[in-house]
Amino acid sequence: MITLAVFVFFAVLALAAAVLVVVQKNAMHSVLYLAFAVLSTSGLFFTLGAEYLGAIQILVYAGGIVVLYIFVIVIVNLTEIVPERRPLLAKIVLVAVPVGTGIEVAYLFLAKGFPVEARPGGGPGFRALAETLFGSYLLPFELASVLLLAVLVGAIVVARKKNLHDPD
Amino acid sequence: MFVLIPLFPLVGAAVNGLLGVRFFSRRAVGATAVGAAGLGFAAAVASFAGLLRAADPVSVRTLFTWIPASLVRTASGGLASLRFDMAFRYDSLAAVMTLVVTGVGLLIHIYSLGYMAHDKSYARFFSYLNLFTAAMLVLVLGANLGIMFIGWEGVGLCSYLLIGFWFSKDSAANAGRKAFITNRVGDFGFLLGTGLLVYALGTLDIGGIAAAVEAGTLAKGTATAAALLLFLGATGKSAQIPLYTWLPDAMEGPTPVSALIHAATMVTAGVYMVARLHTLFSFSGTALTVVALTGAFTAVTAATMGLVQTDIKRVLAYSTISQIGFMFIGLGVGAYAAGIFHLMTHAFFKSLLFLAAGSVIHALSGEQDMRRMGGLRTRIPRTYRAFLVGALAISGIPGLSGFFSKDEILGAAFASGNYLVWSLGLAGAAMTAFYMFRLICLTFEGEARFTGGASGHVHESPPAMLVPLEILAVLAIAGGYVGLPRLLGGGAWFGRFLEPSVGRHELHLPVGTEVLLMALAAGVAVAGIVAARAIYVRRKGEPARRFAARFPALYGLVSKKYYVDEAYEKIFVGGVLALGRIADWVDRRVVDGFVDGVARALRGISSGAMAFDEGVVDGAVDGVGKAHLAVSSGLRRLQTGRIYNYALAVVLGVVLVITIAVTVF
Amino acid sequence: MIPIEAVVVLGLLLFAIGFVGVVVRKNLVVMLMSLELLLNGANVILVGLGRHWGSPRGAILALFVIIMAVSEAAVGFALVLAYFRQKKSYDVDALDDLKG
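Read on for an overview of the structure. As the structure is a computational prediction, the values presented were derived from the model and not from experiment. (Residues numbered from 1 in each chain as written. Chains lettered and ligands numbered in written order. Predicted model: local features only at pLDDT ≥ 70, side-chain atom pairs only at ≥ 80, totals over all residues. Heavy atoms only, no water.)

Side chains of a nonpolar character, in soluble globular proteins, are inclined to be buried together. Phe281 and Phe387 of chain B are the most contacted members of the largest nonpolar core, which totals 190 residues. Considering each element in turn, this core owes the most residues, 19 residues, to helix H15 (residues 336-363) of chain B. Discounting residues that sit within four places of it in the chain, Phe281 of chain B has contacts with Ala227, Phe231, Val274, Ala287, Leu288, Val291 and Tyr336 of chain B. With 75 residues, the next largest nonpolar core counts Ile56 and Leu94 of chain A, Tyr644 of chain B together with Leu32 of chain C among its residues. (Core = buried A, V, L, I, M, F, W, Y, C linked by side-chain atoms within 4.5 Å. Buried < 20%, exposed > 50% of the residue type's maximum accessible area, 1.4 Å probe, protein only. Helix = DSSP H or I, 4+ residues; strand = E, 2+ residues; numbered from the N terminus. Contact = heavy atoms within 4.5 Å.)

The next subject is the interface of chain C and chain A. On the side of chain A, 80 residues touch chain C, which itself brings 68 residues to the contact. Each partner contributes to the roughly 6,600 Å² buried at the junction of chain C and chain A, and carbon and sulfur atoms together form 77% of this total. Broken down residue by residue, the surface that chain C buries against chain A is led by Arg25, Met33 and Trp53 of chain C, which jointly contribute 9%. Where chain C touches chain A, the interface holds zero salt bridges. Where chain C touches chain A, the interface holds five residue pairs in polar contact (both at pLDDT 80 or more). Listing elements by their share of the side of chain C that touches chain A, those giving two or more residues are helix H1 (4-24), helix H2 (28-53) and helix H3 (57-87) of chain C. Per-element accounting of the side of chain C that touches chain A gives the leading share, 21 residues, to H3 of chain C. Looking at the side of chain C that touches chain A, its residues break down into 49 nonpolar, ten polar and nine charged. (Buried area = accessible area lost by both parts, 1.4 Å probe. Salt bridge = Lys/Arg side-chain N within 4 Å of Asp/Glu carboxyl O. Polar contact = N/O pair within 3.5 Å; in protein donor to acceptor, adjacent residues only side chain to side chain. Nonpolar A, V, L, I, M, F, W, Y, C, P; charged D, E, K, R; others polar.)

Taken together, the seven residues of chain A in the interface contact seven residues of chain B. With both sides pooled, the region where chain A packs onto chain B buries about 740 Å², and carbon together with sulfur makes up 77% of that total. Summed over the shared surface of chain A and chain B, the number is zero salt bridges. Considered class by class, the residues forming the side of chain A that touches chain B number three nonpolar, one polar and three charged.

The next subject is the side chain of Asn130 of chain B. Residue and element names in this part refer to chain B. Among the secondary structure elements, Asn130 is positioned in helix H4 (residues 122-141). Of the polar contacts made by the side chain of Asn130, one reaches the side chain of His109; its length is 3.3 Å. If near-sequence neighbours (up to four positions away) are discounted, Asn130 is found in contact with Pro9, Gly12, Ala13, Asn16, Ala33, Ala36, Ala37 and His109.

We now examine a nonpolar patch on the surface. Residue and element names in this part refer to chain B. On the surface, Ile582, Trp585, Val586, Val590, Val591, Phe594, Val595, Val598, Leu602 and Ile605 cluster together to form a nonpolar patch covering roughly 940 Å² of accessible area. Tracing the sequence through the fold places Leu602 in helix H25 (residues 564-635). The exposure class assigned to Leu602 is exposed, which follows from its relative accessible area of 54%. (Patch = residues over 30% accessible without salt bridge, like charges linked within 9 Å, V, L, I, M, F, W, Y side chains within 5 Å. Areas by Shrake-Rupley, 256 points an atom, 1.4 Å probe, with all protein chains shown as cover.)

Where the residue is not glycine, phi is negative for most of them; where a peptide bond is considered, it is trans in most cases. Residues and elements named next belong to chain B. The peptide bond linking Ile241 to Pro242 adopts the cis configuration, its omega dihedral lying at 5°. Its place among the elements puts Pro242 in the loop between helix H8 (220-237) and helix H9 (246-249). In this model, Ala239 sits at a positive phi of 55°, which is unusual for a non-glycine residue. Within the element layout of this structure, Ala239 appears in the loop between H8 and H9. With relative accessibility at 0%, the residue Ala239 sits in the buried group.

Shown next as structure tokens:
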């Protein structure tokens, strides 16, 4: 019961923050609300029994990505506010379509019922997670680390000031 | 034997024509020509002798069959076989004709030796002359209308060749053409008449035609039509109304030609033809009347034209037309023998007159205009005497041949009751005497009017020319005695001789009337002579001039030959030219217009096809390309380059797939 | 108990909102942020499903997604920087070199 209430609390928070992220004119404000959204999501994870993931969420998303965004905005001096000029019709379509789609899919789910029945076994416990991660998913895990390395190198390469002897 | 008669001149013509023109000397050419003519004459005499001795008055010899028998359906419904044989017929009429043609022809050949001595186409002339003789003989010896027509055309051709002998002279060439074409019109009539007879009787043979007419198998109407058509041919050949206009112009030819062809022989072919077909003509009374009237009117009209001519040869030409009119009068009243008699005497004195005129012209070095002659009596006496004989003969002075023949004709005309014809004939006789002596007076009497070039050289002609002249003069005097009428003590042997060929014609006139007629004829002749002498010698032509001045229109009319030539030119020549112009117009407008129209239509079609090709076909091809471009430029707007557009598309697609998947499954 | 449908719906809504932000906003940086939201929504669904089936797989997959998100954010920003140097603008509409 309490879980449900907390879930709903966090859900509403997440949704509100998400909307605000998208709507804000100022990029800095968007980042702030992004942080809110991410933290709310983390709370959701906790209520859903994925404690490890919730923690990772706070560490990586809120602590890493959001901070990254703040740094980027500061470094590039994003003071300029890009005028969001778009034809009204386009804006309506562009909003209606995804939202409508989402509602439609949601309705489908609700009407037809979830196709898969629940299986008992509790949530994704920490121990089970660890076992599966380093068991079945070892290869993807290693690959992910290689990926991170590549990203590290790549980001530096791409973002570098173009030097004279750079063949680009 | 008689078949040989035309052969000699034919060979002579061939030899002279093919070899003589290139290789022979003048002597050789002359010898060949005269020799051929002489041999022809000898054959004619021999044949004549044979006829006198023979029992059969007619002999027919067939050389070969040219077109074998083919069956034709005659008008009467029966079947007759039409054969065309190379057949020759000899009887008394043929005898007379051959003797005249070869005899007079021989004399003229001899004369030509002298007359044409200086001409550069000597051999050509004699070749043509021989050829003509051969053709004329074929004509008179033909046993059927086909052979006769061959000769008929042959003499027409030779006439053309000889009239236009000096072809470099425009007037001569034109005259030759005029003669041939006018003759052609007549020939057309001849052919139509022949065709009609073939259709009606199925035969061309002269004997056959005569037999059919006597047997009564020929309808009167058909006979008349055929006879009239044949007579049309005769008017062309014999220069009667309406086809006489060529003869005066034919004087462009050398004088011997005028003498032979246009006096003695070719122009008498028409007379011969009518006499030959006498049964046909007698059967159709209408045709005979037409013949007589034509002859009478021609005789008078031509005589009036002869009164005002200034060229010596032209006077003689009109005189010929007039005299042939007389012959047709004789034929037309049924006195065939009389007509042939006059043919013979006319041959003698007319050729004499022409040859004598030639002698005059030769003496004056080519002068032919009588107004520039005169006073020649003392300078060329032999020519003068010959000329005088001829003039007396033609005028019908008693004692000479012309009197007998002319009188017989006029007597027959009177006896037949055709007084119009008789009176016209009498008038013609009077005018004949007048114009002939006008000619004599102007040419020989009075003062010399000829100009310098001629006056120095006035000389008599060479013997080659004078001897034939004098022989003809004898004939002109004596030739008539073979037909001396019973009245005057003769036996009318000529008429009797011709009986088997041309039938019998008895003159039933009281003796007194006959004598009266004779006296009348002689009287008008003498009157004419005296009048001419009075006007032209005594008064030097003054009265004539005053007459002409007082009646200028009349004088103009007659001297312009009644404008007949001009009328013919306008009507016939102009008509043909107009037809030609119409044909040209049709060709240009209609035919060319049609052709151009087709071309235009084709061009239109092709440009239509091109338009179709360009418009539709190319349009379709281009259209595909253009549609493609349109679609692609429409589609290209999807490629906005904006990420969100693509993202949107992706999401929509995915959602679509999911929806389908979920709903379907 | 948390109904699984609610989780899925929530996830979907988050996804939708994030998607709207990606397509509507012209500012590149904001666009990228919306992208993160989007991924978050996906994660929510993943975790919910994992829980529904009693399997840690959901969480593991969500973990990997986070790793992807991080990598993508890093590289994306590098690209944004390079892009800015070229176009002198953060307007995503200027990114239409592929137009046509």
